[in-house]
Amino acid sequence: MKEEDIIARLRDGDSQAMEALMQQYGPFLRYILTPILLNASEREECFSEVIARIWQKQAQYDPGKGSWKAWMAAIARNTALNWNRTRKQTEPLSEEIPADTMAPEDILLRKERQKALEQALLQVSCQERLLFYRKYYYLQSTAQIARELGMTERAVGGKLYRLKKKLRNLLGGDTV
């Protein structure tokens, strides 16, 4: 089934479109979840939540803002990161661990750094940008990246090192 057909059928409330979605995009969505959620049972629970969110939010998809696949990838990644965050919050805190709250100034500074990094990433090659996203956005291991790109881990590590150095220079010498 074509992507456009799946989207149209989802918007019509066709539950069979969900089966087509899982069949066509399930491996891709699991691929996004795997480096973030290492536990297989948690990954499957999160996958179910991702599918439910796609169903609930499919009306919010805007083709003018990006591709369907990128939209689903963002939902999968954010759901997995939230899943990890909520699991960590349920663990009791010891007295030695400080609270993980940020001051408003720190939040603003972080947003400014993020925007500067996004601008710097637009100045590097597409291949370098994709490598950056695989490692630091999708949290893939160097071994996984090397295996999928047909490179050695050392070559991937070298490319990442040079990329970080280039980004550091583009950002005015600040830490990436």
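Because the structure is predicted, anything quoted here is derived from the model rather than measured. (Residues numbered from 1 in each chain as written. Predicted model: local features only at pLDDT ≥ 70, side-chain atom pairs only at ≥ 80, totals over all residues. Heavy atoms only, no water.)

Caption draft 1: Molecular detail of the overall build of the protein chain. The helix and strand tally for the protein chain stands at eight helices and zero strands. Mapped from its N terminus to its C terminus, the protein chain presents α and β elements in the order α-α-α-α-α-α-α-α. With respect to the principal axes defined by its C-alpha atoms, the protein chain has extents near 50 × 45 × 30 Å. Taken over 176 residues, the protein chain has a buried fraction of 29%. Counted over contacts in the protein chain with a minimum sequence separation of 6, partners at least 24 positions apart contribute 57%. For the protein chain, the exposed surface amounts to about 11900 Å²; the carbon and sulfur share of it is 51%. If you average the places of the 28 positive and of the 23 negative side-chain charges in the protein chain, the two averages end up 8 Å apart. (Helix = DSSP H or I, 4+ residues; strand = E, 2+ residues; numbered from the N terminus. Buried < 20%, exposed > 50% of the residue type's maximum accessible area, 1.4 Å probe, protein only. Contact = heavy atoms within 4.5 Å. Areas by Shrake-Rupley, 256 points an atom, 1.4 Å probe, with all protein chains shown as cover. Lys, Arg positive; Asp, Glu negative; His and termini not counted. Charge placed at Lys NZ, Arg CZ, Asp CG, Glu CD.)

Caption draft 2: Here's a closer look at the packing of aromatic side chains. Overall, the coordinates contain seven aromatic pairs when judged by the stated rule. On the numbers, 5.8 Å between centres and 80° between planes, the contact of Tyr133 with Tyr137 is edge-to-face. In this pair, Tyr133 and Tyr137 both sit in helix α6 (residues 126–137), four residues apart, roughly one turn of the helix. Under the relative-accessibility criterion, Tyr137 is labelled partly exposed at 26%. Three or more aromatic residues link up through ring pairs in this structure, and these residues are Phe132, Tyr133, Tyr136, Tyr137 and Tyr138. In this structure, Lys69 packs its charged tip against the face of Phe28, placed 4.7 Å from the ring centre. (Phe/Tyr/Trp six-rings, centres within 6.5 Å; stacked < 30°, edge-to-face > 60°. Lys NZ or Arg CZ within 6 Å of the ring centre and 35° of its normal.)

Caption draft 3: Structural context of α6. Here α6 has its buried residues at Arg129, Leu131 and Phe132. Axial view of α6: buried residues confined to an arc of 160°, hence all on one face. In this structure, the buried side of α6 is in contact with α5 (104–121), α7 (142–149) and α8 (153–170). Looking one or two residues beyond α6, the residue adopting positive phi is Leu139, at roughly 60°. (Arc of directions from axis to C-beta.)

Caption draft 4: Layout of the nonpolar core. Judged by nonpolar contacts, the single largest core of 28 residues is most densely connected at Leu21, Leu29, Val50, Ile54, Trp68 and Met72. Per-element accounting of this core gives the leading share, nine residues, to helix α4 (residues 68–89). Among all residues touching Val50, those that are not within four sequence positions of it are Leu29, Leu33, Ile75, Ala76 and Thr79. Listed in part, the seven residues of the second largest apolar core include Val124, Phe132, Leu163 and Leu167. (Core = buried A, V, L, I, M, F, W, Y, C linked by side-chain atoms within 4.5 Å.)

Caption draft 5: Examining the packing of α6 against α7 more closely. Contact pair α6 / α7: the axes reach a minimum separation of 10 Å and the direction vectors enclose 140°. It follows from the interaxial angle that α6 and α7 lie oblique. α7 is crossed by α6, and the crossing has right-handed handedness. Of the residues in α7, those in contact with Leu131, Arg134 and Lys135 of α6 are Thr142, Ile145, Glu148 and Leu149. Residue classes in the contact of α6 with α7 are distributed as three nonpolar, one polar and three charged. (Axes fitted to C-alpha atoms, helices over the stretch in contact; angles between N-to-C directions. Parallel < 35°, antiparallel > 145°, perpendicular 65-115°, else oblique. Left-handed = near helix turned anticlockwise from the far one by under 90°. Nonpolar A, V, L, I, M, F, W, Y, C, P; charged D, E, K, R; others polar.)

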